[in-house]
Amino acid sequence: MERSRKVAIVGTLIFGACFVGAMRPMVERVRAFNAEAGLARFHAEVLNARRTQIGVFPEFSLTDVPGQGPRAEFESFLRLEYAGREVMIPVKRPPAFDVPNLGMYEEWVKALAVNRVEPGPQTGAATAVPGTEQLLIVSRRTPDGYDPESWGSVRRDDWVFDFYRLMPDGEVRVSQRRWPRGRRAEARLAEEAGNPLREIEPLKERTIEYFAAMHVIPKLNVPRHKFDDTALSPAVLGWTLPVSMLGLLGFTASLVFVIAPKRRRE
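Rules of the game
- Residues numbered from 1 in each chain as written.
- Predicted model: local features only at pLDDT ≥ 70, side-chain atom pairs only at ≥ 80, totals over all residues.
- Heavy atoms only, no water.
- Phe/Tyr/Trp six-rings, centres within 6.5 Å; stacked < 30°, edge-to-face > 60°.
- Helix = DSSP H or I, 4+ residues; strand = E, 2+ residues; numbered from the N terminus.
- Lys NZ or Arg CZ within 6 Å of the ring centre and 35° of its normal.
- Polar contact = N/O pair within 3.5 Å; in protein donor to acceptor, adjacent residues only side chain to side chain.
- Contact = heavy atoms within 4.5 Å.
- Core = buried A, V, L, I, M, F, W, Y, C linked by side-chain atoms within 4.5 Å.
- Buried < 20%, exposed > 50% of the residue type's maximum accessible area, 1.4 Å probe, protein only.
- Pairing = 2+ DSSP bridges.

Student: Run through the packing of aromatic side chains, naming residues and quoting values.
Tutor: This structure, assessed with the given rule, holds three aromatic pairs. Both rings, one in F42 and one in F211, keep their centres 5.6 Å apart while their planes meet at 35°; by these two values the pair is tilted. Of this pair, F42 sits in strand β1 (residues 42–46) while F211 sits in helix α4 (residues 208–213), and the two are 169 residues apart along the sequence. Seen from the ring of W108, R140 lies directly overhead, with NZ or CZ sitting 4.1 Å from the centre. The ring of W159 has R140 lying over it, and the distance from NZ or CZ to the ring centre is 4.6 Å.

Rendered as structure tokens:
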């Protein structure tokens, strides 16, 4: 047997052992992460009716109100009436007022009934966690000075999301978030003293606000974003990731030399 082939066989065995040896602890790390991470999972029911009552929550209604002033061309309001309270929600001006449902606000405003869900003990299918239901109205707003349908729709770093959380006791809690930027862009924003976005907290992964905001993102302009806190991240896999990758690459390369046909010597 040629010496080079012997070396290739030994390399195949060594790299194969490295790959197999790293896979077991890698699987254990993934299993432990999934068992202990406690990542929140949500399910939402979109409420398109103008007047809705669900569960223990009081009835609420949403009515169109035309805008006024310099932004009336682009902006109007939804009047939220809830348990005797009235809140004006700034929204993108719809193509028509007083339509029977909220469908025309498809990519701008959503009323959501949100539950946390967990895998069921029997089938593993997602089931709602009792007592976790929340009512949210989320509205996406584009930056001032831009047409929401054109330049405003592509300047997603400037998008602001308004959240109106309807509580069972009739309270309406209002909060704001903005679309998160990259690390360098966030650093530049922090230095822009006159930018009001500095004062707004960015959306955070795995939160109910992030989940709700995804319901008012344009379907043809969904920002590409990957969660960093997954079981396959380098922080979780540690040394098993480079060892398994190098083992697989080395095994493949060595196997090619093992099965390669012998060269004829003249």
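From this point, the narrative continues.
Student: Break down the side chain of E209 for me, with residues and values.
Tutor: Position of E209 among the secondary structure elements: in helix α4. Of note is the side chain of E209, whose polar atom sits 2.8 Å from the side chain of R165. In this structure, E209 is in contact with F163, R165, R177 and L203, ignoring residues within four places of it in sequence.

Student: Quick one: what's the story with the nonpolar core, residue by residue and with numbers?
Tutor: Residues F60, L62, L80, I89, L135, I137 and L166 are the most contacted members of the largest nonpolar core, which totals 22 residues. Those elements that provide at least two residues to this core are β3 (60–65), β4 (75–82), β5 (85–92), β6 (109–119), β8 (134–141) and β9 (160–166). Contact partners of L166, with chain neighbours within four places excluded, come to F57, F60, L80, Y82, L135, I137 and E171. With 17 residues, the next largest nonpolar core counts W159, L203, I208 and Y210 among its residues.

Student: Can you break down unusual backbone geometry residue by residue, with the values?
Tutor: The phi torsion at A83 lies on the positive side, around 50°, for a residue other than glycine. The residue A83 is located in the loop between β4 and β5 in this model. Classification of A83 as partly exposed rests on a relative accessible area of 42%. Positive phi outside glycine occurs at D98, with the angle close to 65°. Inspection of the secondary structure assignment puts D98 in the loop between β5 and β6. Overall, D98 belongs to the exposed group, its relative accessible area being 60%.

Student: With reference to specific residues and values, describe the pairing of β8.
Tutor: The buried count for β8 comes to six of eight residues, which makes it a mostly enclosed element. Relative to β8, β6 runs antiparallel, the two sharing six bridges. Paired with V109 across the bridge in β8 is S139. Where β8 lies against β9, seven bridges are found, and the strand directions are antiparallel. Paired with R141 across the strands is V160, a residue of β9.

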